[in-house]
Amino acid sequence: MGSKLKSYIFKMLMRLFNVPPVYSLAIGLIYYSSRAVFFLIGLKKKKTDNKKILFVNYPRNKGDALGGDTRINSIIINVLKEKGFDVEVYGKNGIPGTSYVIDIIDQFLGFQIGFTLNVSRHLHAANYYAVIIDSSANFLVFYDRVINVFHYSYRQYAENVPGLSRDFKMIYRKMEKMQLYGAKKALNITVSRSLQNYLQARSSIYTTVIPNCVDTSVFYPDKKLKKKYPVAFIGGYAYYGKGMDIVEKLSNKNRTIHCFSNGSLNTKYLVNHSYLKQEDVPGIMNQVGILVYPSRSETFGLVPLEALACGVPIIMNKVGIGEEIIEVIPEFVVDAAGLSLDDIVREYDKRLTIIKNNYKVYSQKSLSFIEEHGFTRERFARSWVDLIECEL
């Protein structure tokens, strides 16, 4: 098939599939017909008592910035292995090839059809105690013991972030529908109270919260390192999503801000640095004085938690973990709801001054928050092992 014809077909199908009643009907038909087929041909395996677990990450493209979900998934895998579980990680490499038709459909549905069908094929050939899967990859995976992990909500992001195109928002609404379909027959985990409340307000899906954690053997105060970066942002680049416009305007108030990201900003007082490899984050974090993290949509926010574990005060919006931090250290969180961009920047600027003038106090409060509220790897490990051994 010629490339021009492929492009034309893709555009026509995309326009049709962007009509809400059409994509809602299509997703429902695909889900229920697949479920019926899987039941008839026996792809739903019987329970086994072994300790072998299949872990399924959402497939990422080469070069994608690794977010907090990827780091947390790695911790889940490691703690289960330490507790004696045989964990097999199923990723993009080694997936059986899909057909041309499946590849076209995947372009509309974000990998979900071809990817999850191949996961199901793998399950049919193996035998696992349980399957732990990213909610974004669980559309058509049917198994007796499925733990479905909600790291994020696509629709929540689309609702909270300005500047997104209509098509982009439509794609995210479709992705959320598939997330919720995949959750129907699973044991569902959310990474924060914030995300649990959002999902339960929008659906009948029941979830259990296992909050993300920070490994305090990796992220801890290193007093040998000097505060080389008085104010910094660390994270992936999404201009409105991560609040880079707020970072820009804040730097225009004669405040030098160091930006470690996979994108760059151009203002007089902003210093761009390359995106950090994960192994370099603890060392750099300990050289940061105050972390600004003005993301507009977070279901948790792992970078702020890693900063607190290093004794680095933060300033973030009231999203994700910010909804819990504001109850304990209100100076660290800006409730940006209903505020203009200029007002948000003023709130960040005011908090920078407050924290700087009482730095040792707020540094100690940062450490105390991690210790007193249980965001440790040890608590996280206990929660996951108890879940698998007691709930399944």
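Computed from a predicted model, the values in this text were never measured in an experiment. (Residues numbered from 1 in each chain as written. Predicted model: local features only at pLDDT ≥ 70, side-chain atom pairs only at ≥ 80, totals over all residues. Heavy atoms only, no water.)

Peer 1: So, the environment of M170: which residues are in play, and what are the values?
Peer 2: Inspection of the secondary structure assignment puts M170 in helix α7 (residues 166–182). M170 gets classed as buried once you look at its relative accessible area, which sits at 5%. As for M170 and R155, which are separated by 15 residues in sequence, their C-alpha atoms are 9.0 Å apart. (Helix = DSSP H or I, 4+ residues; strand = E, 2+ residues; numbered from the N terminus. Buried < 20%, exposed > 50% of the residue type's maximum accessible area, 1.4 Å probe, protein only.)

Peer 1: Break down the packing of helix α9 (residues 244–251) against helix α13 (residues 341–357) for me, with residues and values.
Peer 2: In the contact formed by α9 and α13, the axes pass within 9 Å of each other and the chain directions differ by 65°. For the pair α9 and α13, the sense of crossing is right-handed. Seen from α9, the contacting residues are D245, I246, K249 and L250; seen from α13, they are L341, D342, I344, V345, Y348, D349 and L352. Looking at the contact of α9 with α13, its residues break down into seven nonpolar, no polar and four charged. (Axes fitted to C-alpha atoms, helices over the stretch in contact; angles between N-to-C directions. Left-handed = near helix turned anticlockwise from the far one by under 90°. Contact = heavy atoms within 4.5 Å. Nonpolar A, V, L, I, M, F, W, Y, C, P; charged D, E, K, R; others polar.)

Peer 1: I'd like a rundown of the pattern of salt bridges, residues and numbers included.
Peer 2: Taken as a whole and assessed by the stated rule, the structure comprises 15 salt bridges. For R155, the salt bridge is made with E159, and the minimal N-O distance between the two is 3.3 Å. Pair noted here: R155 and E159 are both in helix α6 (residues 154–160), with a separation of four residues, about one helical turn. Judged by its relative accessible area of 22%, R155 falls in the partly exposed class. In this structure E159 comes out as partly exposed when scored by relative accessible area, which is 46%. For D343, the salt bridge goes to R346, with nearest N and O atoms at 2.3 Å. Of the two residues, D343 and R346 both sit in helix α13, three residues apart, roughly one turn of that helix. Look at R346 and you get partly exposed, because its relative accessible area is 46%. Several salt bridges converge on common partners, so that one network encompasses E82, D215 and R377. (Salt bridge = Lys/Arg side-chain N within 4 Å of Asp/Glu carboxyl O.)

Peer 1: Residues and numbers for the sheet that holds strand β3 (residues 130–134), please.
Peer 2: In space, the six strands of this open sheet follow the order β2-β1-β3-β4-β5-β6, with parallel pairing throughout. Edge positions in the sheet fall to β2 (86–90) and β6 (207–209), since each of these pairs with one other strand and no more. Shown here is a sheet whose adjacent strand axes are inclined to one another by a mean of 25°, direction ignored. Where helix α8 (residues 193–202) meets the sheet, its contacts fall on β4 (146–150), β5 (187–190) and β6, and the angle it forms with β6 comes to roughly 165°. (Pairing = 2+ DSSP bridges.)

Peer 1: Give a detailed account of the packing of helix α3 (residues 68–82) against helix α11 (residues 302–309), specifying residues and quantitative values.
Peer 2: One can describe the packing of α3 onto α11 by two numbers: an axis separation of 9 Å at closest approach and a directional angle of 65°. The residues of α11 that touch α3, namely those facing G68, R71 and I72, are L302, V303 and E306. Class assignment for the residues of the contact of α3 with α11 results in three nonpolar, one polar and two charged.

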